[in-house]
Amino acid sequence: MRFCLFMAFLLCWWRPGAAQPAPPHVLRDTLLLKDPKGAHISEAYRYYTEPFGSAPDPERAEAAWRAGRFRPGPWHEPLNLGMLHRRVWMRLPVRNTEPQRLRFLWSIFNFTDSAALYCRRAGEAKFTRLGEASSWVPAAERAFPARSLSFPFALEPGEAAVLYLRVDAHTGGIYLPTYIETTEHFLAWEMGFPFERHWVWLLGFYLSSALFNLVLYAFLRDRIHLWYVAYVLAVTLFLMMEDGLDAMLLPAGPYRLLWSVGQYNFMLLAAAAGIRIMQLFLRLRIAWPRLYRAGNWLAGTAVVFVAGYAGLFPWAVRHSLSTVEALNWARELLMVLVFGYGWVVLITLLRHRRWQRLAAYYALTYLFFFIGYGIFWLNHLGFTSFNPIYPNPLAWGLLLELLILSALLTGRFRHTLRHNARLRVQHLRQRNAHSARLIAAQDDEREQLARELHDALGPNLAALHMAWQSEAVRAALASAPAAAAVGQLSEEILGELYNQVRQLSHVLLPAESVTNRLTTSISTLRDMLNLHGSPQVHTDFGPGLDELPPAVQSAAFRIVAELVNNAVRHAQARKVRVYLRRHSTALELCVSDDGRGFGRGEDTPLTGIGLRGVRTRAAYLGGSVVIEVPKVGTRVRVRLPC
């Protein structure tokens with residue numbers, strides 16, 4: 001907290017060149033113009049305001065001057081009338097003190113709906129309009145192309161004149177930084193303005209932070225980074241519009257579109273995005289649902305208001321100035337509510353121990369921007385004309401805020417990565433446990449089925465086969481020559497069925513009780529399948545297979561048995577080759593056949609039940625399955641880590 005107060009003190013009171021003594025407050029009757037730059041304009045001008053409803057007339061303004069209605073402006077400060085919805089007239093007598101003819105510019109460095117410069121030289125009875133301009137036109141299309149509204153006029157050596165500057169602004173804040181300079185000095189200042197006022201690297205930092213958060217969003221898909229980008233862009237546009245950079249950098253279409261939304265409305269949109277950032281960072285949705293709903297309501301109201309303001313404001317300027325004033329005051333009220341909501345949330349969370357640390361981090365971020373915006377907003381309302389640092393406190397407050405907020409979001413990014421890693425590990429463990437249970441259940445079911453075939457169906461078939469070969473059956477068949485052929489066929493079918501049941505039971509149940517060795521189990525399976533000559537199963541074993549971990553040996557046997565069974569039963573293969581090799585980090589097995597292949601049978605790599613079991617076993621051990629379909633048959637390659 002001491003650090004926050006110290007930084008706030010520096011932000012509020014540090015000003016380059018503040019040690020220089022202030023000039024004496026002596027009002028001049030005439031501003032003496034010279035090259036390159038004369039006295040400050042505030043030493044000589046007077047101003048007067050009138051309702052917008054009357055037509056602009058410099059002669060009427062001159063009559064008000066003679067009636068004593070004009071007042072001096074603030075000393076060496078911009079004219080700041082706050083939320084005043086009236087036309088402004090500025091009267092300034094000037095004289096060229098140089099021995100040569102000089103060309104000057106009277107410039108307004110803020111957005112105005114309409115402005116005009118009038119001049120009455122010595123000997124003239126009436127004022128002549130020298131130029132009229134509007135900030136609605138981008139810089140390239142203005143009579144004098146510059147980010148400011150600049151009105152040129154020329155004075156001969158020693159010539160004097162009376163100037164009137166008329167300003168109409170409906171945006172809800174009369175703040176008029178205005179200067180008179182020679183054209184050469186003005187152009188030199190404009191060339192170096194982005195560098196002298198630090199806009200080049202400030203804008204670079206704003207945009208780079210936005211791009212950085214786009215990168216974070218691409219990694220995390222966390223919406224807080226998108227709201228951050230929206231927040232930065234809205235505030236950056238507001239600051240560009242404040243100093244006229246938008247008129248220099250943007251094409252005519254986007255420029256007019258921005259001002260149809262309104263400069264101060266971009267700050268309102270930024271505040272709405274800031275609410276969403278705060279809600280997500282502080283996790284209000286679950287812990288503080290009422291505050292969360294209130295923030296959503298405020299943010300939604302702000303967005304709806306901005307849309308309504310942009311649609312209604314042009315009509316209100318032409319037909320109902322009271323509606324313009326009501327819209328502007330409603331905007332200021334919404335601004336107070338939105339920024340007040342932020343402090344209510346932070347103070348509420350700081351009072352609870354569980355949320356103190358998180359709220360304190362964000363309060364530091366919020367404080368810097370709030371100080372800068374507070375100074376800017378007080379100036380905007382006309383309460384102060386305090387600008388301790390260039391280009392303005394809001395720009396530097398945003399810089400400090402983004403620095404800290406970027407650090408906080410980076411920390412959130414790292415926390416999210418660690419959290420996601422833990423979730424992935426947990427998910428993998430759950431998946432492995434599920435796969436282990438599935439494989440164990442499948443093995444139990446296979447074992448039960450194999451034992452039922454071997455212990456129940458097998459003996460019954462054997463008994464039936466022996467009964468069919470008994471002397472009584474043979475005598476009966478011999479007495480009926482017509483039934484002898486059928487009897488012989490039935491005997492062969494019974495024998496074949498008995499052999500198939502024995503083969504299937506051995507495929508489903510490895511020879512674990514004999515050796516518990518992979519090569520022996522596969523060899524036994526091969527021998528059982530080769531008893532009747534077709535199909536022919538050939539095996540090719542590499543060294544070291546029987547020293548593999550038991551889990552790998554069991555999975556390898558189940559996979560080989562399933563693939564051989566598929567080749568024999570579904571592909572109707574006549575030759576099957578089984579190839580196993582142990583490498584340094586993995587066991588490679590390959591089962592190939594000369595059967596029908598995929599695409600010509602009922603099973604496919606995506607739908608076959610057996611192949612799904614093969615994939616499950618391989619995935620459980622972290623292995624891989626590759627299915628190849630050559631011109632003849634099928635080839636399946638499996639790699640199991642060992």
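Small disclaimer: the values here were computed from a predicted structure and weren't measured.

Draft legend 1. Spotlight on the overall build of the protein chain. Looking only at helices and strands, one finds 18 helices and 17 strands in the protein chain. Taking all 642 residues of the protein chain together, 49% fall into the buried category. Put simply, 75% of the contacts in the protein chain that link residues at least 6 apart link residues at least 24 apart.

Draft legend 2. How the structure looks around the packing of aromatic side chains. One pass over the full model with this rule turns up 29 aromatic pairs. Seen from their ring centres, Tyr 309 and Phe 313 are 5.1 Å apart, and the 10 degrees between their planes marks the pair as stacked. Of this pair, Tyr 309 and Phe 313 both sit in helix α10 (residues 289-319), separated by 4 residues, roughly a single helical turn. For the pair Tyr 309 and Phe 313, one class covers both residues: buried.

Draft legend 3. Up close: the nonpolar core. Residues Tyr 206, Tyr 231 and Leu 282 are the most contacted members of the largest nonpolar core, which totals 87 residues. The greatest single-element share of this core, amounting to 14 residues, is contributed by helix α8 (residues 263-282). Discounting residues that sit within four places of it in the chain, Tyr 206 has contacts with Trp 199, Val 232, Thr 236, Leu 239, Ala 395, Leu 398, Leu 399 and Leu 402.

Draft legend 4. Structural context of empty space enclosed by the protein. Within the structure shown, the criterion is met by 7 cavities of 30 Å³ or more. As a volume, the largest cavity reaches approximately 150 Å³. If you go around the largest cavity, you meet 17 residues; those closest to its centre are Tyr 231, Ala 271, Gly 274, Ile 275 and Tyr 366. For the lining of the largest cavity, the secondary structure elements donating two or more residues are α8, α11 (321-350), α12 (353-381) and α13 (393-468). When residues of the lining of the largest cavity are assigned to their parent elements, the largest contribution, 7 residues, is made by α8. Partitioned by chemical class, the residues of the lining of the largest cavity number 14 nonpolar, 2 polar and 1 charged. Its boundaries defined by the atoms lining it, the second largest cavity holds a volume of some 110 Å³. The set of elements that each furnish at least two residues to the lining of the second largest cavity consists of α5 (223-242), α6 (245-249) and α7 (252-261). Grouping the constituent residues of the lining of the second largest cavity by class yields 8 nonpolar, 4 polar and 5 charged.

Draft legend 5. Region of interest: the side chain of Ser 209. You can see Ser 209 is positioned in helix α4 (residues 199-220). Apart from the residues lying within four places of it in its own chain, the contact partners of Ser 209 are Tyr 228, Val 232, Leu 402 and Ser 406.

Draft legend 6. Region of the structure containing the sheet that holds strand β12 (residues 178-182). Read from one edge to the other, the open sheet built from 3 strands follows the order β9-β6-β12, with strand pairing classed as antiparallel. Both outer strands of the open sheet, β9 (149-155) and β12, are each paired with one neighbouring strand and no more. For this sheet, the mean inter-axis angle between neighbouring strands, taken without regard to orientation, is 20 degrees. In terms of strand pairing, strand β6 (residues 102-108) meets β9 through 7 bridges, oriented antiparallel. Counterpart to Trp 106 in the pairing with β9 is Phe 151. Sheet strands in contact with helix α3 (residues 183-196) are β6, β9 and β12, and its direction is about 115 degrees off that of β12.

Draft legend 7. Focus on α10. With 31 residues, α10 ought to run about 45 Å at 1.5 Å a step, and its terminal C-alpha atoms sit 43 Å apart, in line with that. When we look at burial in α10, the residues that qualify are Leu 291, Tyr 292, Gly 295, Leu 298, Ala 299, Ala 302, Phe 305, Val 306, Tyr 309, Phe 313 and Ala 316. Check the buried side of α10 and you find it contacts α7, α8, α9 (284-287) and α11.

Draft legend 8. Structural context of the pattern of salt bridges. Applying the stated criterion across every chain yields a total of 20 salt bridges. Here Glu 628 and Arg 635 are joined by a salt bridge, their closest N and O atoms 2.7 Å apart. With a relative accessible area of 26%, Arg 635 lands in the partly exposed category. Here the residues in one salt-bridge network are Glu 50, Arg 60, Arg 87, Arg 129, Glu 132, Arg 166 and Asp 168, joined through shared partners.

Draft legend 9. Representation of a nonpolar patch on the surface. Residues Leu 211, Leu 214 and Leu 226 make up a contiguous nonpolar surface patch of about 250 Å² in total accessible area. Along the chain, the position of Leu 214 falls in helix α4. Accessibility expressed as a relative area gives 38% for Leu 214, which makes it partly exposed.

Scoring rules and cut-offs
- Residues numbered from 1 in each chain as written.
- Predicted model: local features only at pLDDT ≥ 70, side-chain atom pairs only at ≥ 80, totals over all residues.
- Heavy atoms only, no water.
- Helix = DSSP H or I, 4+ residues; strand = E, 2+ residues; numbered from the N terminus.
- Buried < 20%, exposed > 50% of the residue type's maximum accessible area, 1.4 Å probe, protein only.
- Contact = heavy atoms within 4.5 Å.
- Phe/Tyr/Trp six-rings, centres within 6.5 Å; stacked < 30°, edge-to-face > 60°.
- Core = buried A, V, L, I, M, F, W, Y, C linked by side-chain atoms within 4.5 Å.
- 1 Å grid on protein atoms, 1.4 Å probe; cavity = no way out; pocket = protein on both sides within 12 Å on 5 of 7 lines; lining within 4 Å.
- Points joined across faces, edges and corners; volume = space filled by probe spheres on them.
- Nonpolar A, V, L, I, M, F, W, Y, C, P; charged D, E, K, R; others polar.
- Pairing = 2+ DSSP bridges.
- Axes fitted to C-alpha atoms, helices over the stretch in contact; angles between N-to-C directions.
- Expected span 1.5 Å × (residues − 1).
- Salt bridge = Lys/Arg side-chain N within 4 Å of Asp/Glu carboxyl O.
- Patch = residues over 30% accessible without salt bridge, like charges linked within 9 Å, V, L, I, M, F, W, Y side chains within 5 Å.
- Areas by Shrake-Rupley, 256 points an atom, 1.4 Å probe, with all protein chains shown as cover.

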